[in-house]
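Structural description and commentary
The primary structure of each chain is shown beneath.
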Amino acid sequence: MAGQRFGVAAAAEVRLSMPEVQAMRRVAFSGPCGSISPNVLKHMDEQTLASLAALRIAITKMKDSDSPDYFEKWAVLSSPRYLGRSSLRPTLARFHAEGAWGVSPHMIPHRSLHAISGTISQFLRSHGPNHGVSGSPGHVAEGFLAAFTTLANLNLPGCWLTLSRIEPELDSEESGSPHPDSTAEAIAVALVPSSPTLASLTWQLDTDFTRPSEDSFETLAKWLFMEPTVAVRSCFLPSLGSLILQDASQPPSHSDMNPVNQQAGVAPR
Amino acid sequence: MPPRPVWITGIRTCSPLGDNPLTFQENLLAGSSGIRRVSGFGVDDHPSQIAGQVSKIPCPPGDHGRDFANLSRLDQITRHCVRQALEAASLWPTPPNLRIGLVLGLGGEWLLHWEAEGLKHPAPPWIPPLQPDSVLSRTQRFFGMTGPTLAVSAACASGNMALWQARSWIRMGLADICVAGACDMGVSPMSLAGFGNLRALSRKNQDPPAASRPFDRQRDGFVLSEGGAIFVVESAEGAQARGVEGLAEILGYGAASDAHHMVIPSPDPAPAVTAMRMALEDAHLQPSQVDYVNAHATSTPVGDLAEARVLAEVFGKHLPDVPVSATKSITGHLLTGASALEALACIVAMKEGRIPPTLNLDDPEPEVPLCHVPHMAREHSVRVAVSNSFGFGGSNTCLVLRAV
């Protein structure tokens, strides 16, 4: 099978320390389309805040995106890993101590799998579809699969995809909040229909979907944000297949393809 | 060239109305409510103390009972429904040469998992445990599926989205067969408390079967429920080649977001109207060609009225002629599993020529007079059915199914 080709209008990555996440909660979060007040920010998951931060940086890289209705018809897809884990322990502790009354009404809206996409959709005033994806270690591959399906089958001007996680995950400390050294990491990618003026992203469809899924966040970040002098670069994500990113200014060429997956220690197929 | 028709060729459900499609159908058309006082955990301090619960999930034939019993309830219901849906579609044992994809609506998988583990360990320290894989990957592995896999969540609209993804993959050639649907086992202590404290749930605890009353003026919130439905989806051409009958065609789909609030529906009907019109356009149908609407209508004061306004705008002068019912009055609200079960309700209406009723609709909301089907099922030929599903996060979806 041939590949599916899409455009990449912008992409950005953030890694926020937990103090930086807490600081984000205290100041209204503004963008070209609107703002979110601290009263709402304080209830959000760390991954939602990181996704918003990455999104806002990516928007600044896009031409003409400062109009309030620029993203009106865009889709928003968010693919986190283990969303809500950091909040579950204190929520459970309150439930044990206080019973039903102790469960925050904000837990379900802000910790369910669709919480990030719903928040971003509201922030951008996007009326295109929004939904959550994955929630599990294979979230990067699943996120791209969902975004590609959305763009290929719905008549949309674009699709935001955010990928996020807490890294490292809490595993031994007792406070119930993320480890002090953990970061909330997010990548935001603006995918659009293929365009000659934008970098192109080709998804090879000759994929073996039976490969075990794994967290490809690091591989993706290295590939997506590597030196811009590399005009054509490929990346292999287990359970999704090969992605090839090519600068708009460069014609396709196999000679300068840089398989970053080798650098990331993942053997190309 | 028109896109390839895509059919549903196998179904399995497990819900408070039964663990197989026939029992579900009988209870649905009889208006036999699945709502009871919650059992299995204490609810005396919960604002809402009623729910639709799945009492027992049958172990699929051939599975090891002890292994099955050790699975989480979400794994159990998924495995049961997938296995039986494949069998219903004459795909069991699964032929080795087919690429079978899997797309599941799973909105709260990890929260439910961590809650269940946490409730076993009331004393600190306790850390929500990590698992390397998910219900999705375990299901793929267990059934040896070789196509693409995806977990999606558009909250209550997840099932509609899963069926659309499946149709898209079949048309894109990513899979020969796709198993798609949604299940949720959301009747848990913290879920009941969280939705209850959100003031989203009915507090009519004294009369559980009368609590879910969509479009009725005395409605006061939805009733939490659990379960779901799984479908086998394939191209009409492929089904015919296999000699399998289609149960329904996935004819149209539309989706749009409110961009208004995480839990409160938009007072502006435009986004939901957009989703419905997009679905009808995708199906190449006019509103006058719709025979039945399975409304999202959860029995909340704000949501039902908002949806009625949407229906009025979409159907215009045809509104009095299009029967509308809200089957959550019978099943309760299955959250992520809701729209999958409601797609099945549409298929029941097509197959039986009877529209399932809206229970407890004694005093319809007067502002928008809909063509309700109160209390009892109504004889009505249904060739085209529309299922609305709207969710937290502002997702509005609409699925159009056509009888095959």
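One can find the structure itself at the top, above this paragraph.
Note that the structure is predicted; figures quoted are calculated from it, not measured.

1. Brief notes about empty space enclosed by the protein
Summed over all chains, the structure comprises three cavities of 30 Å³ or more. Every residue lining the largest cavity is listed: Leu-83, Arg-111, Ser-112, Leu-113, Ser-134 and Gly-135 of chain A together with Leu-106, Gly-107, Gly-108, Glu-109, Trp-110 and Leu-111 of chain B. Among the elements that take part in the lining of the largest cavity, helix H4 (residues 109-120) of chain B stands out by supplying three residues, more than any other. Per-class residue counts for the lining of the largest cavity are five nonpolar, five polar and two charged.

2. A closer look at the pairing of strand E10 (residues 241-246) of chain A
Residues and elements named next belong to chain A. Within E10, five of the six residues are buried, which leaves it mostly tucked inside the rest of the structure. As paired elements, strand E8 (residues 199-204) and E10 share four bridges and run antiparallel to each other. Residue Thr-202 lies in a different strand from E10, and its bridge partner there is Ile-244. Pairing of strand E9 (residues 232-237) with E10, which is carried by six bridges, proceeds in the antiparallel orientation. Among the inter-strand pairings, Leu-237 is bridged to a residue of E10, identified as Gly-241. The turn joining E9 and E10, which pair antiparallel and follow one another in sequence, is formed by three residues; a positive phi near 70° is taken by Ser-239.

3. Things to note about the interface of chain A and chain B
Contacts between chain A and chain B engage 62 residues on the former and 68 residues on the latter. In total, chain A and chain B occlude about 5100 Å² of area from one another, counting both sides; carbon and sulfur atoms represent 68% of this. Looking only at chain A, the three residues that lose the most surface to chain B are Arg-85, Ile-108 and Phe-209 of chain A, adding up to 12% of its buried area. Counting across the interface, chain A meets chain B through zero salt bridges. For the pair chain A and chain B, the number of links is 22 residue pairs in polar contact (both at pLDDT 80 or more). Sorting the residues of the side of chain A that touches chain B by element identifies helix H4 (85-98), helix H5 (107-111), helix H6 (115-124), strand E5 (130-133) and helix H7 (139-153) of chain A as the ones contributing at least two each. Considering every element that reaches the side of chain A that touches chain B, the biggest residue donor is H4 of chain A, with eight residues.

4. Side note on the packing of aromatic side chains
Taken as a whole and judged by the stated rule, the model has 17 aromatic pairs over all chains. With 5.0 Å between their ring centres and 85° between their planes, Phe-71 of chain A and Trp-74 of chain A make a pair best called edge-to-face. A relative accessible area of 0% places Phe-71 of chain A in the buried class. By relative accessible area, which is 3% here, Trp-74 of chain A ends up buried. Centre to centre, the rings of Tyr-82 of chain A and Trp-110 of chain B are 5.0 Å apart; their planes meet at 90°, and the pair counts as edge-to-face. Of this pair, Tyr-82 of chain A sits in the loop between strand E4 (75-80) and H4 while Trp-110 of chain B sits in helix H4, placing the two residues on different chains. Pair check on accessibility: Tyr-82 of chain A and Trp-110 of chain B agree, each one buried. The structure contains a cluster of three or more aromatic residues connected by ring pairs, namely Phe-6, Phe-144, Phe-148 and Trp-203 of chain A. The ring of Phe-29 of chain A carries Arg-56 of chain A above its face, with NZ or CZ at 3.9 Å from the centroid. Note that Arg-79 of chain B overlies the ring of Phe-142 of chain B, its terminal NZ or CZ placed 3.6 Å from the centroid.

5. Thoughts on the pattern of salt bridges
Charged atoms that come close allow side chains of opposite charge to pair. Residue and element names in this part refer to chain A. Enumeration according to the criterion identifies 32 salt bridges over all chains in this entry. In this structure, Arg-15 and Glu-13 form a salt bridge, with 2.6 Å as the shortest nitrogen-oxygen distance. We classify Arg-15 as partly exposed; its relative accessible area is 35%. The exposure class assigned to Glu-13 is partly exposed, which follows from its relative accessible area of 27%. Residue Glu-218 pairs with Arg-165 through a salt bridge whose shortest N-O separation is 2.8 Å. Placement of the pair is Glu-218 in helix H8 (residues 217-224) and Arg-165 in strand E6 (residues 159-167), with a sequence separation of 53 residues. Via salt bridges that share partners, Glu-13, Arg-15, Arg-81, Arg-85, Arg-165, Glu-167, Glu-169, Glu-185, Asp-215 and Glu-218 belong to a single interconnected network.

Procedures and definitions
- Every chain's residues receive numbers from 1 upward, in the order its sequence appears when written.
- Naming scheme: in the order in which they are written, chains are lettered from A and ligands are numbered from 1.
- Totals for whole chains, interfaces and linings use all residues, but because this is a predicted model, local features are given only for residues with pLDDT of at least 70 and pairs of side-chain atoms are given and counted only at 80 or more.
- Think of the side-chain values as coming from all heavy atoms in the structure, minus any hydrogens and water.
- Any residue with an atom within 4 Å of a point lines the site, the site being either a cavity, points on a 1 Å grid over the protein atoms alone where a 1.4 Å probe fits but cannot get out, or a pocket, an open set with protein on both sides within 12 Å along at least 5 of 7 lines.
- Grid points are joined across faces, edges and corners, and a volume is the space filled by probe spheres set on the points.
- Think of it this way: any DSSP run of H or I at least four residues long counts as a helix, any run of E at least two long counts as a strand, and we number them from the N terminus.
- Any residue that is not Ala, Val, Leu, Ile, Met, Phe, Trp, Tyr, Cys, Pro, Asp, Glu, Lys or Arg is counted as polar, Gly included; the first ten are nonpolar and the last four charged.
- The buried label goes to any residue with under 20% of its type's maximum accessible area, the exposed label to any with over 50%, and the partly exposed label to all in between, with areas taken from a 1.4 Å probe on protein chains only.
- Pairing between two strands is assigned when DSSP locates at least 2 bridges connecting them.
- By the convention used here, residues are in contact when the closest approach between their heavy atoms is within 4.5 Å.
- Buried area is understood as the total, over both parts, of accessible area removed when two parts are fitted together, assessed with a 1.4 Å probe.
- For this document, the term salt bridge refers to a Lys or Arg side-chain nitrogen within 4 Å of an Asp or Glu carboxyl oxygen.
- For the purposes of these results, a polar contact is taken to be a pair of N or O atoms within 3.5 Å, where, inside protein, one atom must be able to donate a hydrogen and its partner to accept one; residues adjacent in sequence count only when each atom of the pair is a side-chain atom.
- Centres within 6.5 Å make a pair out of two Phe, Tyr or Trp rings, where for Trp the six-membered ring is used; the pair is then stacked when the planes are under 30 degrees apart, edge-to-face when over 60, and tilted otherwise.
- Charge-over-ring contacts are defined here by two conditions on Lys NZ or Arg CZ: a distance within 6 Å of the ring centre and an angle within 35 degrees of the ring normal.

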